[in-house]
Amino acid sequence: MDAHEYDAEKKPQAESTTAPVEEEEPTKPHGFFARVRYYEKLLDRKLGIESNSLDRVHPEGRHPPNSLAMAFMWASATMNISCFSTGFLGKEFGLSLGQTIAITICATLLGASVTGWCATMGPGTGLRQVAISRYSLGFYPSSIIAALNVVEQLGWASVSCITGGLALSAVSDGRLSIAVGVVIVACVSFVFSFIGLKGVMMYEQYAWMLFFVIFVIIYGESAHRANLAAPATVSGLTKSGNVLNLISVVYGSSASWSSIVSDFYVHYPVNTPKIKIYLYTTLGITIPTCIGMLLGACISSALDTNPEWAAAYDDGIGEILKIIIYPRGFSKFLLVLLVLSGIGVNCIAIYSGALSAQLFAKPFAKVPRVIWSTLVFICILLIGIAGRDYLLDVLENFLSLLGYWNTSFFVIVFTEHYLFRGGNLANYDLDAWNTPSKMPVGYAGLTAFLCGAAGWIVGMVETYYIGAVAAMIGADGGDVANQLAFVFTSGSFIPLRKLELKYVGR
């Protein structure tokens, strides 16, 4: 986006950033929500917790972090035990290590590219991702994205808490239950996310260094056992179907950030080069995700020839890491540090989950973010405890579902931007982001999203359901939900949006 398009915005705005609010003396509270907001403002003045985090951040009120944080924050969020666990799915699908490596790299890059493009909208608009979607989906239909975002962040954080709980249980030799480990990881994450974007970014910029060193150590102690010679255990059409299934899971893992990525980019300068944003974000997700997933794939390939590892794997992800790392006391120390890797994704999940809840509807925005953060935290605890014994099932089903709807989301926002707004942010009335009468009605956006959902249903492969089209691909089905979502969404949105503009005018 060109900086000169925003020259007119350099004057003071009626709907300003949080800076003027921070200078006002908080008024005496009346009522529960008012009292919470009163203390939020007090903390905002001291710690910068973003008591007005929904407002559009105008160019003159931005305090940008280091540009490299665009890559580092995703490294901290993705280089974790959850991605490591996802690497085992290639073996579960009966694929060889060579096939799993190729699929992981390509699918991760594709999903990260979707997120990387969505990231370019953040600095230019100063708006959160759900608010940006109002310009294409419509004001009220964008509430669907907000709701799905909350579910998505609950799922990500729950998976992270489960893997952290497994690691803590392994460290304690089973004396600490997985459920208690889930609670510990969730509580620490909540503390960081509570203080807002400043706290999240402070943690995310540096935590990745520690996890990178740990993963390098694990590679050094385990990669030589990888079995590249082992062939795939499936063939023919069933093999093709399982390749599609793994692509769907891995792609969904990286594309899932696309609906929240701009939440973390609103403080960067308007004239930040788009190519820089895209590359930093795409590579910042791709490289660390592959580091974790490929490590899991290498270790899983050795299970058939290493009975000790196989027995440990049956007891959980934490147990196999404890067996692999030498010396044994050092392995427990590293496992404790790896638990911290879950905090990175949880900070992002709790922060964006609370923002999305506020953006669901105007009445919801009146509820202070700290209350939404607390509710999200409680839900994460409950889901994490309930799903602690079904990690791979949760990963396989959850990550695939994320890719489906994020594909439809991306198609609609991308098409609106380039085809109907000329790829120019000057064609957006950015100050009207919270005014329903100035947003698209949403007939086209909602219908296209639902058409995309029809594609998911007939093309998905989940533990509990296989779509009609997917069932035709091999014995286990082949997941083509993302491909069908892309075709169904774009094929319906383009003509419907043209009709909407012609007869409704917005």
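Fair warning: this is a prediction, and the values are worked out from it, not measured in the lab. (Residues numbered from 1 in each chain as written. Predicted model: local features only at pLDDT ≥ 70, side-chain atom pairs only at ≥ 80, totals over all residues. Heavy atoms only, no water.)

### A few points about the overall build of the chain
Then comes step 1: When helices and strands are tallied, the chain shows 22 helices and zero strands.
Then comes step 2: A total of 506 residues make up the chain; the buried ones form 60% of that total.
Then comes step 3: Looking at the chain alone, contacts between residues at least 24 apart form 83% of all its contacts between residues at least 6 apart.
Then comes step 4: Looking at the chain as shown, the accessible area adds up to about 19,100 Å², and 67% of this sits on carbon and sulfur atoms. (Helix = DSSP H or I, 4+ residues; strand = E, 2+ residues; numbered from the N terminus. Buried < 20%, exposed > 50% of the residue type's maximum accessible area, 1.4 Å probe, protein only. Contact = heavy atoms within 4.5 Å. Areas by Shrake-Rupley, 256 points an atom, 1.4 Å probe, with all protein chains shown as cover.)

### What to know about the confidence of the model for the chain
Then comes step 1: Per-chain confidence: the chain averages 84 in pLDDT, with 86% of residues scoring 70 or above.
Then comes step 2: When pLDDT is averaged over each helix and strand of the chain, the minimum, 44, is found for helix α1 (residues 18–23) and the maximum, 96, for helix α6 (residues 97–119).
Then comes step 3: Per-residue pLDDT stays below 50 along residues 1–23; that stretch engages in 42 contacts with residues further than four places along the chain or on separate chains. (pLDDT = per-residue confidence, 0-100.)

### What to know about the pattern of salt bridges
Then comes step 1: According to the stated counting rule, one finds eight salt bridges in the structure shown.
Then comes step 2: Between arginine 497 and glutamate 416 there is a salt bridge; the shortest N-O distance is 2.7 Å. Highlighted residues: arginine 497 in helix α22 (residues 481–503) and glutamate 416 in helix α20 (residues 391–420), separated in sequence by 81 residues.
Then comes step 3: Sharing partners across several salt bridges, the network here consists of Asp173, Glu319, Lys322 and Lys332. (Salt bridge = Lys/Arg side-chain N within 4 Å of Asp/Glu carboxyl O.)

### Let's talk about α22
Then comes step 1: Compared with the 33 Å implied by 1.5 Å per residue over 23 residues, the 32 Å span of α22 between its first and last C-alpha is a close match.
Then comes step 2: Residue phenylalanine 493 marks the point of greatest curvature in α22, where the axis turns by about 25 degrees; the proline proline 495 follows within four residues.
Then comes step 3: Within α22, the full set of buried residues consists of Ala481, Asn482, Leu484, Ala485, Thr489, Ser490, Ser492, Phe493, Arg497 and Glu500.
Then comes step 4: Two residues or fewer after α22 comes glycine 505, characterised by a positive phi angle close to 95 degrees. (Expected span 1.5 Å × (residues − 1). Bend = angle between axes of the 7 residues up to and from the residue.)

### Points about the packing of helix α9 (residues 142–171) against helix α15 (residues 317–324)
Then comes step 1: Two elements in contact, α9 and α15, have axes separated by 7 Å at closest approach and are oriented at 50 degrees. By the angle between their axes, α9 is oblique relative to α15. In terms of crossing hand, the pair formed by α9 and α15 is right-handed. Residues Leu166, Ala167 and Ala170 of α9 form the contact with α15, whose own contacting residues are Ile317, Gly318, Glu319 and Lys322.
Then comes step 2: Considering only residue class, the contact of α9 with α15 consists of four nonpolar, one polar and two charged. (Axes fitted to C-alpha atoms, helices over the stretch in contact; angles between N-to-C directions. Parallel < 35°, antiparallel > 145°, perpendicular 65-115°, else oblique. Left-handed = near helix turned anticlockwise from the far one by under 90°. Nonpolar A, V, L, I, M, F, W, Y, C, P; charged D, E, K, R; others polar.)

### With respect to a nonpolar patch on the surface
Then comes step 1: On the surface, Ile275, Leu279, Leu283 and Ile287 cluster together into a nonpolar patch covering about 360 Å² of accessible area.
Then comes step 2: When you line up the elements, isoleucine 287 lands in helix α13 (residues 274–301).
Then comes step 3: We classify isoleucine 287 as partly exposed; its relative accessible area is 49%. (Patch = residues over 30% accessible without salt bridge, like charges linked within 9 Å, V, L, I, M, F, W, Y side chains within 5 Å.)

### Some words on the packing of α9 against helix α17 (residues 341–359)
Then comes step 1: Running from N to C, α9 and α17 point in directions that differ by 160 degrees, and their axes come no closer than 8 Å. Between α9 and α17, the crossing angle belongs to the class labelled roughly antiparallel. Pair α9 / α17 crosses with left-handed handedness. Contacts between α9 and α17 pair Ala146, Asn149, Val150, Gln153, Trp156, Ala157, Ser160 and Cys161 from the former with Gly342, Val345, Asn346, Ala349, Ser352, Gly353, Ser356, Ala357 and Leu359 from the latter.

### Some details on α9
Then comes step 1: Under the 1.5 Å per step criterion, the end-to-end length of α9 is 44 Å for 30 residues, consistent within 8% with the ideal 44 Å.
Then comes step 2: Just downstream of α9 lies aspartate 173, where phi reads positive at about 55 degrees.

### Some words on the side chain of threonine 78
Then comes step 1: As for its placement among the helices and strands, threonine 78 is situated in helix α3 (residues 69–78).
Then comes step 2: You can call threonine 78 buried: its relative accessible area is 2%.
Then comes step 3: At 2.6 Å, the side chain of threonine 78 and the backbone oxygen of tryptophan 74 are in polar contact.
Then comes step 4: Ignoring sequence-local partners within four residues, the contact set of threonine 78 consists of Cys83, Trp257, Gly284, Ile285, Pro288 and Thr289. (Polar contact = N/O pair within 3.5 Å; in protein donor to acceptor, adjacent residues only side chain to side chain.)

### With respect to the packing of aromatic side chains
Aromatic ring pairs are defined here through the distance separating the ring centres and the angle between the ring planes.
Then comes step 1: Overall, the coordinates contain 21 aromatic pairs when judged by the stated rule.
Then comes step 2: Ring centres of phenylalanine 88 and tyrosine 313 lie 4.8 Å apart, and the angle between their planes is 5 degrees; this geometry places the pair in the stacked category. Residue phenylalanine 88 is located in the loop between α4 (81–86) and α5 (89–92), and its partner tyrosine 313 is located in helix α14 (residues 307–314); the two are separated by 225 residues in the primary sequence.
Then comes step 3: Assessed through its relative accessible area of 1%, phenylalanine 88 is described here as buried.
Then comes step 4: We classify tyrosine 313 as buried; its relative accessible area is 15%.
Then comes step 5: Ring geometry for tryptophan 405 versus phenylalanine 409: centroids 6.4 Å apart, planes at 70 degrees, classification edge-to-face. (Phe/Tyr/Trp six-rings, centres within 6.5 Å; stacked < 30°, edge-to-face > 60°.)

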